[in-house]
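Remarks on the overall topology
Residue strings, one per chain:
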Amino acid sequence: MNIAIFTDNYFPNINGVSSSIYTLTNGLIAKGHKVYIFSISEPSKKIKLVETDPPVFRVPSVSVAFVKPYRAVKPYYIGVIELCRKLNIDIIHSQTEFSMGIMGHLVAKALGIAQIHTYHTMLEDYTHYLTRGVKVVDKPAKIAAKMLSGSFCESANSLIVPTEKVKQSIISYGVNMTTYVIPSGINLKPFSTSEIDITRLNDIKKEWNILPSDRVILSIGRVAPEKSIDMIIRKMPEILSLNPNILFIVIGDGPAMPELKALAEDLKLGDRIRFPGFVPYSEVATYYHVGDAFISCSTSETQGLTYYEALAAGLPVIARYDDSISAVLKDDFNSKVFKNPDLLPEIVNDLFESEEKYNRIASNAVKSVEDFDADVFADKVELAYMETINRYNKRHADRDATTIHHIKYKAVDNIEHTWTVAYKGTNKIIKPLIRKTHNSKRKLTKIYNDTINKLLEL
């Protein structure tokens, strides 16, 4: 199959979506498929091929004023349609409900091919970016988020969700369609102790002044309000009163970073909290091994891939209870799970108080994620692709025999756009609605043909 993945998030941005796409792409390529990733770029007039293994195309974008530093593309960029047509894409896999997700949907419609969508994020948990804490509009914003989620999911031909919790939420939004529950897999090997560059690990510890006596708890990922990192910082004075050797390191970047740094300073925690900020994805596995435990107070996760990565690195996880993590995190087995944030100081202290208990939980951590291997993930998604394409083709083949069933984009060599309409089993050509002058058509031909042909030199 030729597969096009449309996403707003991809490396170098470090988050669960980026990791999931990277893992899936490598798994599908290993199975013999061709995968092309389409994501947003900095301002540009042309699509850019920025990587070739796998191919990553960056599409021109603009900044989004109310959710900086995020960017969005034009919803209907004709160059992407032409590129996907020449790549003979069989299925569009959208990974966001915004920007590139909308573009992916339009490309699928224009080319007359199937679209499958992965619902990664519970949008109702992110409405604070729009309401900015104004409670009077918070409830309407959450209702709108649910409506948007339901509408976009219904527009695809199939849906992938990471957990049963998310599936039930989608059903409550009124979505009734074929839904696959497929937890995102991870490549376990890079996180194992045997794969870590010890020299680089020691350099990081030296750079951040981490002493042998320190017990390091880590937060890795996007630094945003919904991650509730501030909850951990506010509890740090109590945590330190029970165990003064605790060191909290926040790895990643995002809109909440200035506030968190200010909070740490106000609480006079500068010597017990580190903010390394953004780190290359190639070094994320090494940074996990800087820590002794992974910690999160977020309840906005749909699956929480960072939990899986931490467990694969042998780190016990300290986490606030949520249905999305109940399948993998078992209290006192591979993690310490709490419901009341006021208990966080005792929870952290209990983990490190007994060396025997800590070693047991750390050992169980690695074993608990063996069933989430990347190969299993790729196998399940591949099957979802095939079933989605078959259903799509069958439905449209049945309609071909009797009625107008769809309008399909077609571009001839000179970029004079036509529309193909299937009617009673025959194709009829409708002439372009907008005709270009000879000069403008020739200019358009040069822009598109030269650009697209260069991009195809993979």
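The notes below deal with the structure included here.

Rules and cut-offs
- Residues numbered from 1 in each chain as written.
- Predicted model: local features only at pLDDT ≥ 70, side-chain atom pairs only at ≥ 80, totals over all residues.
- Heavy atoms only, no water.
- Pairing = 2+ DSSP bridges.
- Helix = DSSP H or I, 4+ residues; strand = E, 2+ residues; numbered from the N terminus.
- Axes fitted to C-alpha atoms, helices over the stretch in contact; angles between N-to-C directions.
- Parallel < 35°, antiparallel > 145°, perpendicular 65-115°, else oblique.
- Contact = heavy atoms within 4.5 Å.
- Nonpolar A, V, L, I, M, F, W, Y, C, P; charged D, E, K, R; others polar.
- Expected span 1.5 Å × (residues − 1).
- Buried < 20%, exposed > 50% of the residue type's maximum accessible area, 1.4 Å probe, protein only.
- 1 Å grid on protein atoms, 1.4 Å probe; cavity = no way out; pocket = protein on both sides within 12 Å on 5 of 7 lines; lining within 4 Å.
- Points joined across faces, edges and corners; volume = space filled by probe spheres on them.

**A look at the sheet that holds strand E9 (residues 158–161)**
Pairing is mixed in the open sheet, where eight strands are placed in the order E3-E4-E2-E1-E7-E8-E9-E10. Here the strands that pair on one side only, and so sit at the sheet edges, are strand E3 (48–52) and strand E10 (179–181). Each neighbouring strand pair of the sheet contributes to a mean axis angle of 20°, computed without reference to strand direction. Pairing between strand E8 (residues 114–118) and E9: three bridges, direction parallel. Its bridge partner lying in E9, His117 is registered against Leu159.

**Looking at the packing of helix H12 (residues 344–353) against helix H13 (residues 355–367)**
As a packed pair, H12 and H13 sit with axes 5 Å apart at the nearest point and diverge in direction by 95°. It follows from the interaxial angle that H12 and H13 lie roughly perpendicular. Residues Asp350, Leu351, Phe352 and Glu353 of H12 form the contact with H13, whose participating residues are Glu355, Lys357, Tyr358 and Ile361. Counted by class, the contact of H12 with H13 contains four nonpolar, no polar and four charged residues.

**Describing helix H1 (residues 16–30)**
Here H1 spans 21 Å end to end across 15 residues, near enough to the 21 Å set by a 1.5 Å rise per residue. Among the residues making up H1, those that are buried are Val17, Ser18, Ser19, Ser20, Ile21, Thr23, Leu24, Thr25, Gly27 and Leu28. Gly32 sits one or two positions beyond H1 and adopts a positive phi of about 100°.

**Remarks on the packing of helix H8 (residues 229–242) against helix H9 (residues 257–266)**
Interhelical geometry of H8 versus H9 gives an angle of 5° and a closest axis separation of 10 Å. In terms of orientation, H8 and H9 fall into the roughly parallel class. Where H8 approaches H9, its residues Ile229, Asp230, Ile233 and Arg234 are matched on the opposing element by Leu260, Leu263 and Ala264. Here the contact of H8 with H9 is composed, by residue class, of five nonpolar, no polar and two charged.

**Re empty space enclosed by the protein**
For the structure on display, the rule yields two cavities of 30 Å³ or more. Its volume calculated, the largest cavity comes out at about 70 Å³. Lining the largest cavity are 13 residues; nearest its centre among them are Ser20, Thr118, Ile160, Ser184 and Phe377. Secondary structure elements with two or more residues in the lining of the largest cavity: H1, E9 and helix H14 (374–400). Broken down by class, the residue content of the lining of the largest cavity amounts to seven nonpolar, six polar and no charged.

**What about the sheet that holds strand E13 (residues 273–277)?**
As a general point, the strands of a sheet are linked pairwise by backbone hydrogen bonds and lie either parallel or antiparallel. In space, the six strands of this open sheet follow the order E13-E12-E11-E14-E15-E16, with parallel pairing throughout. Of all the strands in the sheet, the pair left with one neighbour each is E13 and strand E16 (335–338). Taken pair by pair, the neighbouring strands of this sheet meet at an average axis angle of 25°, ignoring direction. In the sheet, strand E11 (residues 215–220) pairs with strand E12 (residues 246–251) via six bridges, with the strands oriented parallel. Within E12, the residue paired with Ser219 across the bridge is Val250. Running at roughly 165° to E16, H12 makes contact with E11, E12, strand E14 (293–296), strand E15 (317–320) and E16 of the sheet.

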